[in-house]
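Each chain, written out:
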Amino acid sequence: MTPIPEYHFLLTKPPSGKGLKVSVLIDGDVGKMPAGEMEPATLDRLVRAHAAGRLPFMSFAEHPLRLLDIVVTGSPRRAQIQARALQPKDAFPGTWEPAGIEAV
């Protein structure tokens, strides 16, 4: 089984106010997933893995999507994860499971 990072597993619970505010844009719609807070080190790992081509997919409420981009702004400390629905050309693995940051 292929571990795919699950958005909800990566969020700070409960929010501490010290992390980065993260919103999600799915298929151009920001209203499909609630915003949350993520530790800077977790977000940094995601950004680095995606930039290196090691993070093509993420799971959102246990729905795998193609990860398009992670945009981080310096002030205020915010980030936006951009994803889209899977397409046949994505070659998504046949078996997968939602995972935490260890999957990155």
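Data block above holds the structure.
Residues numbered from 1 in each chain as written. Predicted model: local features only at pLDDT ≥ 70, side-chain atom pairs only at ≥ 80, totals over all residues. Heavy atoms only, no water.

Visitor: For the nonpolar core, give the residues involved together with the corresponding values.
Guide: Residues Tyr7, Met38, Met58, Phe60 and Ile81 are the most contacted members of the largest nonpolar core, which totals 21 residues. Residue assignment for this core shows that the elements contributing at least two residues are helix 1 (7-10), strand 2 (20-26), helix 2 (40-51), strand 4 (57-60), strand 5 (63-73) and strand 6 (78-84). The leading source of residues in this core is strand 2, at four residues. (Core = buried A, V, L, I, M, F, W, Y, C linked by side-chain atoms within 4.5 Å. Buried < 20%, exposed > 50% of the residue type's maximum accessible area, 1.4 Å probe, protein only. Helix = DSSP H or I, 4+ residues; strand = E, 2+ residues; numbered from the N terminus.)

Visitor: So what's going on with the packing of aromatic side chains? Which residues, and what values?
Guide: Scanning the model with the defined rule gives three aromatic pairs in all. Residues Tyr7 and Phe60 carry aromatic rings whose centres are separated by 5.7 Å and whose planes lie at 35 degrees to one another, so their mutual orientation is tilted. Separated by 53 residues along the polypeptide, Tyr7 in helix 1 and Phe60 in strand 4 bring together distant segments of the chain. The two residues Tyr7 and Phe60 agree in class, both being buried. On the basis of an interplanar angle of 90 degrees and a centroid distance of 4.9 Å, the ring pair of Phe57 and Phe92 is categorised as edge-to-face. Pair noted here: Phe57 is in strand 4 and Phe92 is in the loop between strand 6 and strand 7 (96-99), with a separation of 35 residues, a long-range link. With relative accessibility at 7%, the residue Phe57 sits in the buried group. For Phe92, a relative accessible area of 22% translates into the label partly exposed. Here the aromatic cluster, defined as three or more aromatic residues joined through ring pairs, consists of Phe57, Phe92 and Trp96. Residue placement shows Arg66 over the ring face of Phe57; its charged tip is 5.2 Å from the ring centre. (Phe/Tyr/Trp six-rings, centres within 6.5 Å; stacked < 30°, edge-to-face > 60°. Lys NZ or Arg CZ within 6 Å of the ring centre and 35° of its normal.)

Visitor: Any details on the side chain of Arg84? Residues and values, ideally.
Guide: Among the structural elements, Arg84 can be located in strand 6. Reaching out from Arg84, the side chain makes a polar contact with the side chain of Asp90 at a distance of 2.8 Å. Every residue in contact with Arg84, bar those within four places of it in the chain, is listed here: Asp27, Leu65, Arg66, Leu68, Lys89 and Asp90. (Polar contact = N/O pair within 3.5 Å; in protein donor to acceptor, adjacent residues only side chain to side chain. Contact = heavy atoms within 4.5 Å.)

Visitor: Mind laying out the sheet that holds strand 4, listing which residues take part and the relevant values?
Guide: The mixed open sheet is built from five strands, whose spatial order is 3-2-6-5-4. Each edge of the open sheet is held by one strand with a lone partner, namely strand 3 (36-38) and strand 4. Direction aside, neighbouring strands of the sheet carry axes that sit 45 degrees apart on average. Note that strand 4 and strand 5 share four bridges and pair antiparallel. Bridge pairing in strand 5 places Met58 opposite Leu65. Packed on one face of the sheet, helix 2 meets strand 2, strand 3, strand 5 and strand 6 and runs near 110 degrees to strand 5. (Pairing = 2+ DSSP bridges. Axes fitted to C-alpha atoms, helices over the stretch in contact; angles between N-to-C directions.)

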